[in-house]
Protein chains: 2
Amino acid sequence: MRTLIALTTLAVLISPMIGRGESPTDSATPIADRYRADARRIVDAALAGNDAWRKMEELCDDIGPRLSGSPQLEKAIRWAADAMKRDGQENVRIEKVMVPHWVRGKESCTMLTPRSHEIAMLGLGGSVGTPPEGITAPVIVIHDDEELEARAAEVRGKIVLFNQAMPQYDPEKGSGYGTGVHYRVHGARKAAEHGAVACLARSATAVSLHTPHTGAMRYGDAKVKIPAAAVSLEDATFIARLRKRGVPVTVNLRMEARTFSDGESGNVIGELRGRTNPEEVVVIGGHIDSWDVGTGAHDDGGGCVMAMEAINVLRKLGLRPRRTIRVVLFTNEENGLAGGRAYAADHKNELANHVAAIESDSGVFRPKGYTIDCEDEAREGVAVKQMNDILSLLSSIGEMEASAGGSGADVGPMKSGGVVLMGHHVEGSTYFNYHHTHADTLDKVDPVELSQNVAMLATVAYILADMPGRIGDSR
Amino acid sequence: MRTLIALTTLAVLISPMIGRGESPTDSATPIADRYRADARRIVDAALAGNDAWRKMEELCDDIGPRLSGSPQLEKAIRWAADAMKRDGQENVRIEKVMVPHWVRGKESCTMLTPRSHEIAMLGLGGSVGTPPEGITAPVIVIHDDEELEARAAEVRGKIVLFNQAMPQYDPEKGSGYGTGVHYRVHGARKAAEHGAVACLARSATAVSLHTPHTGAMRYGDAKVKIPAAAVSLEDATFIARLRKRGVPVTVNLRMEARTFSDGESGNVIGELRGRTNPEEVVVIGGHIDSWDVGTGAHDDGGGCVMAMEAINVLRKLGLRPRRTIRVVLFTNEENGLAGGRAYAADHKNELANHVAAIESDSGVFRPKGYTIDCEDEAREGVAVKQMNDILSLLSSIGEMEASAGGSGADVGPMKSGGVVLMGHHVEGSTYFNYHHTHADTLDKVDPVELSQNVAMLATVAYILADMPGRIGDSR
């Protein structure tokens, strides 16, 4: 691998960076035909050997988890900037963003009756803590809003366990995460309205091996803030079975969780500058922050590294497109979205020149194409069609498809600026098994699939940045 | 369900227990033809409603984990005896067995360098503890015996991590557990031979969500006993990746583990006495002990409950076979096999009259038939053929097969007594994901599959106990 990369690097040194797709084809040629040779070069180079796995080791193994406000996140941000500088990327910089600073501290949830048992739990991001002795109360199991309303009178003084099951992954319907996550986000506020003293939410997953899933919660306009934690599927169903038989369940919940004043963080940016239209930008990226458990390998180390490595592959091949490809590694996606909001705000005058913004935040699995999201529906429709044309160049990697659909949380704030947003789409059957857990670690990433994702992203970003018209233009 | 069971009970009260299979067919009739009507009644009754799920809740949820030497195991033993008495079983008794008494205590394994990280671990059953301050040492990663020999000089003073991967489940080759578990059992002894100060073994599993797997280890003739723990697949591979890049890894291992003097325990026995040949016995059972994590739902609460409920279904139907069906719930399978050895020793004079001994210790999944194991190969061959005939009666449940193969650890000591041993065979793709972990809990058991297993075991036990000739007789 090393030899091959060295030769490629040599080729870059010998030949000046040259543009592709100028001739003999002209702007009327279908995109796929125009870029067939380039796409093959990019895919071959990415699959033959790249630096993505090494970057994943440095980010996930060496630095580890990186929650907003932590020294580890700032270390990761400096690492990403340094790595892009080492790769020779241009305009590498960190754009300052203030982020929330929530710290978990020690925590536990212990069943006291009917028998002593340590519940597998993770406090939810943003939750308040408990008094040092914890909160001890009977548990009431609630499945949904309807049951909460019906049993509102029973809730006062109790710990509410929301036992909403997340459905098994379905290839047609997707992950069911929306259903699974509702009470993690809103449970504490809803339970507190009826006088609950704490909130437990069944982890948003359909698969568990004693594996609690953390994530953000929101108090919204809650008058009283009660502590909130996720418990494992095993423990949620255990308590629910006991209560179904009428067995009283009492638990003690202890959380040192605390929110400090906002900390300084930043979005990391690096560019492959455009050859002829550098002011026009294709954003590619993911989020550099993660939860404080696991190492954020799928969520979203992979998304960051794919983007970093996509422009690295292009640079090594000497492929400089007309427009700029800008890697943006957003900070604070997990518990605030401060990075995504700041990027859209700080760059609002440039958004008209943002041709597209691609986010990869669904893990590193077999690549499947892109979902496209644009305020202008006609533009979105054209973009889907053009993207399907582009993706036909990647059939050697696997079956690919473009379709209308959501993109990514961090690029979302650019939507109102008219930007064509895209979600980097991968096979999704296991992502939510690892999501926000101790198990989101590098062993879950397949190095071959990582390279395939680099290949797909590099090819698509290059074409979007180089094609004569903008993606979504109907001419 | 309750109504249906009540009606069935009523039927038992009205009709005296009657024998089946006497006429109009005679002993020359193929077994399946003779028992077709009985098999249908048994299967229908078991699937229509039974008490197995309730028993699982009482054993796993209410009592919980039950390691040898613990008060919980003795509670489970009394519960099982009481439950069988309540069901009206005969000769219910607890046969005394002395068992090892190992206690885990508090434990942790903390990575100190290259970064602070809590390793997901479980001490191994039988291991000695560490000094209170733990053992702090560099980690050397070893894959197999060959590498241990080749790098013997590097081992002294280090903590050896055996990073042997267990293969993914293969429908043809099975679980690969034998490969996965080798260094859990023997690693400490082998590492100590070369001066290691502690042993870590990658958990014996192919699937992990931050899930360490405990289990028994043995010092054998080791001159020095070093502490031994299992670490999660995630942490084993993390450390291995670091070491592969030459990064020094130091951990602190703390274990309070201690072995006390043997405690008193017992095998639980209950019978459906034989109609005409009560001295001839078909043993059915599992092991009542479990590890001290999870609740031993698959390993082996399910095996115990299936057996208890199998004779309960037969009794409620008024089906009393010629021979005795004896439920034996063995103690101390997990870390000693004292129960299995004691049963064979205490009953050695009756073994000639043990027609068969069935153990279910592979979890509660879709039932698939039986494996048969007998010292007399000719007898084994005949038994396999006859069992396939019997299993043809269960096609409404699913595809069933009998084949030669291992039975169960607890019935193993009866093999030299000439007993036809049988393993209750179930679909095995996920058993070792849960095995010996916090995740072996009741949510992993499907109530319908539990009933199907009760139906299969009840039908087979009844026919083995009632058929004119003994299973394996060639006439």
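Since we're looking at a predicted model, the values are computed, not measured.

The rules behind each value
- Residues numbered from 1 in each chain as written.
- Chains lettered and ligands numbered in written order.
- Predicted model: local features only at pLDDT ≥ 70, side-chain atom pairs only at ≥ 80, totals over all residues.
- Heavy atoms only, no water.
- Helix = DSSP H or I, 4+ residues; strand = E, 2+ residues; numbered from the N terminus.
- Rg over C-alpha atoms; globule rule 2.2 N^0.38 Å.
- Buried < 20%, exposed > 50% of the residue type's maximum accessible area, 1.4 Å probe, protein only.
- Contact = heavy atoms within 4.5 Å.
- Areas by Shrake-Rupley, 256 points an atom, 1.4 Å probe, with all protein chains shown as cover.
- Lys, Arg positive; Asp, Glu negative; His and termini not counted.
- Charge placed at Lys NZ, Arg CZ, Asp CG, Glu CD.
- Least-squares fit on C-alpha atoms with pLDDT ≥ 70 in both.
- Buried area = accessible area lost by both parts, 1.4 Å probe.
- Salt bridge = Lys/Arg side-chain N within 4 Å of Asp/Glu carboxyl O.
- Polar contact = N/O pair within 3.5 Å; in protein donor to acceptor, adjacent residues only side chain to side chain.
- Domains from an automatic or database assignment.
- Nonpolar A, V, L, I, M, F, W, Y, C, P; charged D, E, K, R; others polar.
- Pairing = 2+ DSSP bridges.
- Axes fitted to C-alpha atoms, helices over the stretch in contact; angles between N-to-C directions.
- Phe/Tyr/Trp six-rings, centres within 6.5 Å; stacked < 30°, edge-to-face > 60°.
- Expected span 1.5 Å × (residues − 1).
- Parallel < 35°, antiparallel > 145°, perpendicular 65-115°, else oblique.
- Left-handed = near helix turned anticlockwise from the far one by under 90°.

**Overview of the overall build of chain A**
From N to C terminus, chain A includes 13 helices and 16 strands. Computed over its C-alpha atoms, the radius of gyration of chain A comes to 24 Å, within 12% of the 23 Å expected for a compact globule of 475 residues. For chain A, with 475 residues in total, the buried portion stands at 61%. Sequence separation of 24 or more characterises 83% of the internal contacts of chain A that already satisfy a separation of 6 or more. Of the roughly 17700 Å² that chain A leaves accessible, carbon and sulfur atoms contribute 51%. The centroid of the 53 positive side-chain charges in chain A is displaced by 2 Å from the centroid of its 63 negative side-chain charges.

**Focus: the relation of the copies chain B and chain A**
For these two chains of identical sequence, chain B goes onto chain A by a turn of 180° and a shift of 0.0 Å along the axis, with RMSD 0.0 Å. The superposition operator between the copies reduces to a two-fold rotation axis. Scanning chain B for the C-alpha nearest the rotation axis identifies Leu209(B), at a separation of 2.9 Å. In this assembly the copies share their binding face: 100% of the residues contributing to the interface of chain B also contribute to that of chain A.

**Examining the interface of chain B and chain A**
Each partner contributes to the interface: chain B provides 31 residues, whereas chain A provides 31 residues. Across the chain B/chain A interface, buried area totals approximately 2400 Å², and carbon plus sulfur atoms make up 54% of it. Area buried by chain B at its contact with chain A is led by Leu209(B), Arg241(B) and Arg245(B), which between them contribute 30% of it. At the boundary of chain B with chain A, the tally comes to eight salt bridges. The closest approach of N and O atoms between Lys444(B) and Glu234(A), which form a salt bridge, is 2.6 Å. On inspection of chain B and its partner chain A, the count reaches 14 residue pairs in polar contact (both at pLDDT 80 or more). Those elements giving two or more residues to the side of chain B that touches chain A turn out to be helix H3 (52–63), helix H8 (233–244) and helix H12 (431–434) of chain B. In terms of residue count, the dominant contributor to the side of chain B that touches chain A is H3(B) (seven residues).

**Re the domain arrangement of chain A**
Residue and element names in this part refer to chain A. Domain assignment breaks chain A into domain 1 (2–102 + 262–466) and domain 2 (108–256). The straight-line distance from the C-alpha centre of domain 1 to that of domain 2 is 36 Å. Facing 13 residues of domain 1, the contacting portion of domain 2 comprises 20 residues. Along the contact surface separating domain 1 from domain 2 lie four residue pairs in polar contact (both at pLDDT 80 or more). Of the residues contributing to the side of domain 1 that touches domain 2, the split by class is four nonpolar, eight polar and one charged.

**Structural notes on the sheet that holds strand E8 (residues 228–231) of chain A**
All names here are of chain A. Strand order across the open sheet formed by eight strands is E3-E2-E9-E5-E6-E7-E8-E4, with mixed pairing between neighbours. Of all the strands in the sheet, just strand E3 (117–119) and strand E4 (121–123) have a single pairing partner and so form its edges. Averaged over all neighbouring strand pairs, the angle between strand axes comes to 35°, with direction disregarded. Alignment of strand E2 (residues 107–113) against E3, held across three bridges, turns out to be antiparallel. Paired with cysteine 109 across the strands is isoleucine 119, a residue of E3.

**Quick word on the side chain of Arg326(B)**
All names here are of chain B. Looking at the secondary structure, you find arginine 326 in strand E12 (residues 323–330). Taking the relative accessible area as the measure of exposure, arginine 326 reaches 5% and is therefore buried. In terms of polar contacts, arginine 326 uses its side chain to reach the side chain of tyrosine 343, at 2.8 Å. Excluding its chain neighbours within four sequence positions, the residues that come into contact with arginine 326 are Arg93, Ile269, Gly270, Glu271, Val281, Val282, Val283, Ile284, Tyr343, His347, Glu350 and His354.

**Topic: the packing of aromatic side chains**
Tallied over the entire structure, the rule returns 12 aromatic pairs over all chains. Plain terms: the ring middles of Tyr177(A) and Phe432(A) are 4.2 Å apart, the flat faces sit at 20° to each other, and that makes the pair stacked. In this pair, Tyr177(A) sits in helix H7 (residues 177–192) while Phe432(A) sits in helix H12 (residues 431–434), placing the two residues 255 residues apart along the sequence. Accessibility expressed as a relative area gives 18% for Tyr177(A), which makes it buried. You can call Phe432(A) buried: its relative accessible area is 15%. When the centroid spacing of 5.9 Å and the interplanar angle of 80° are considered together, the rings of Phe330(B) and Tyr343(B) count as edge-to-face. One end of the pair, Phe330(B), is in strand E12; the other, Tyr343(B), is in helix H10 (residues 338–346), and 13 residues separate them in sequence. The exposure class assigned to Phe330(B) is buried, which follows from its relative accessible area of 0%. Judged by relative accessible area, Tyr343(B) falls into the buried class, the value being 0%.

**Re the environment of His438(A)**
With respect to the helices, strands and loops of the structure, His438(A) is situated in the loop between H12 and helix H13 (447–466). Given the relative accessible area of 30%, His438(A) is considered partly exposed. As a C-alpha pair, His438(A) and Ser127(A) span 311 residues in sequence and 19 Å in three-dimensional space. Apart from the residues lying within four places of it in its own chain, the contact partners of His438(A) are Leu122(A), Val293(A), Gly294(A) and His210(B).

**Concerning the sheet that holds strand E13 (residues 354–359) of chain A**
All names here are of chain A. One open sheet accounts for eight strands, arranged E1-E10-E12-E11-E13-E16-E14-E15; its pairing is mixed. The open sheet has two edge strands, strand E1 (90–103) and strand E15 (401–404), and neither has a second partner. With direction set aside, neighbouring strand axes in the sheet form an average angle of 25°. Relative to the sheet, helix H11 (residues 377–391) contacts strand E14 (367–373), E15 and strand E16 (420–426), its axis offset from that of E15 by approximately 170°. Sheet contacts for H13: strand E11 (277–287), strand E12 (323–330), E13, E14 and E16; angle to E14, the most-contacted strand, approximately 40°.

**Focus on H8(B)**
Residues and elements named next belong to chain B. Along its 12 residues, H8 runs 16 Å from first to last C-alpha, staying within 8% of the 16 Å computed at 1.5 Å per residue. Most of H8 sits out of view: 10 of its 12 residues are buried. Within the span of H8, buried status applies to Leu233, Glu234, Asp235, Ala236, Thr237, Phe238, Ile239, Ala240, Arg241 and Leu242. Downstream of H8 by a residue or two, glycine 246 has a phi angle that is positive, lying close to 85°.

**A look at the pairing of E8(A)**
Regular strands have side chains that alternate between both faces of the sheet. Residue and element names in this part refer to chain A. The alternating pattern of E8 places Ala228 and Ala230 on one face and Ala229 and Val231 on the opposite face, and all of these are buried. Relative to E8, E4 is paired through three bridges, and the arrangement is antiparallel. Of the residues in E8, the one forming a bridge with glycine 123 is alanine 229. Sheet topology note: the strand E7 (residues 198–202)/E8 ladder contains four bridges and is parallel. Residue pairing in the sheet places arginine 202 in a bridge with valine 231 of E8.

**Things to note about the pattern of salt bridges**
Evaluation of the coordinates by the stated rule reveals 60 salt bridges over all chains. Here Asp62(A) and Arg245(B) are joined by a salt bridge, their closest N and O atoms 2.7 Å apart. Of this pair, Asp62(A) sits in helix H3 (residues 52–63) while Arg245(B) sits in the loop between H8 and strand E9 (250–255), which puts the two residues in different chains. According to the relative accessible area criterion, Asp62(A) is partly exposed, its value standing at 27%. The exposure class of Arg245(B) is partly exposed, given its relative accessible area of 25%.

**Structural notes on unusual backbone geometry**
Here Thr113(A) and Pro114(A) are connected by a cis peptide whose omega angle stands at 10°. Looking at where Pro114(A) falls in the secondary structure, it is placed in the loop between E2 and E3. Omega for the bond connecting Asp299(B) with Asp300(B) falls within 30 degrees of zero, at 5°, which places this linkage in the cis form. On the secondary structure map, Asp300(B) appears in helix H9 (residues 297–317). Of note in the backbone geometry, Leu337(A) takes a positive phi value of approximately 65° without being a glycine. Position of Leu337(A) relative to the elements: it lies in the loop between E12 and helix H10 (338–346).

**Side note on the packing of H3(A) against helix H4 (residues 71–86) of chain A**
All names here are of chain A. For the pair H3 and H4, the least separation of the axes is 11 Å and the interaxial angle reads 160°. Considering their axes alone, H3 and H4 lie roughly antiparallel with respect to each other. Considering how the two elements wind past one another, H3 and H4 form a crossing that is right-handed. Residues Lys55, Glu58, Leu59 and Ile63 of H3 form the contact with H4, whose own contacting residues are Gln72, Lys75, Ala76, Trp79, Ala83 and Arg86. Across the contact of H3 with H4, the residue classes tally to five nonpolar, one polar and four charged.

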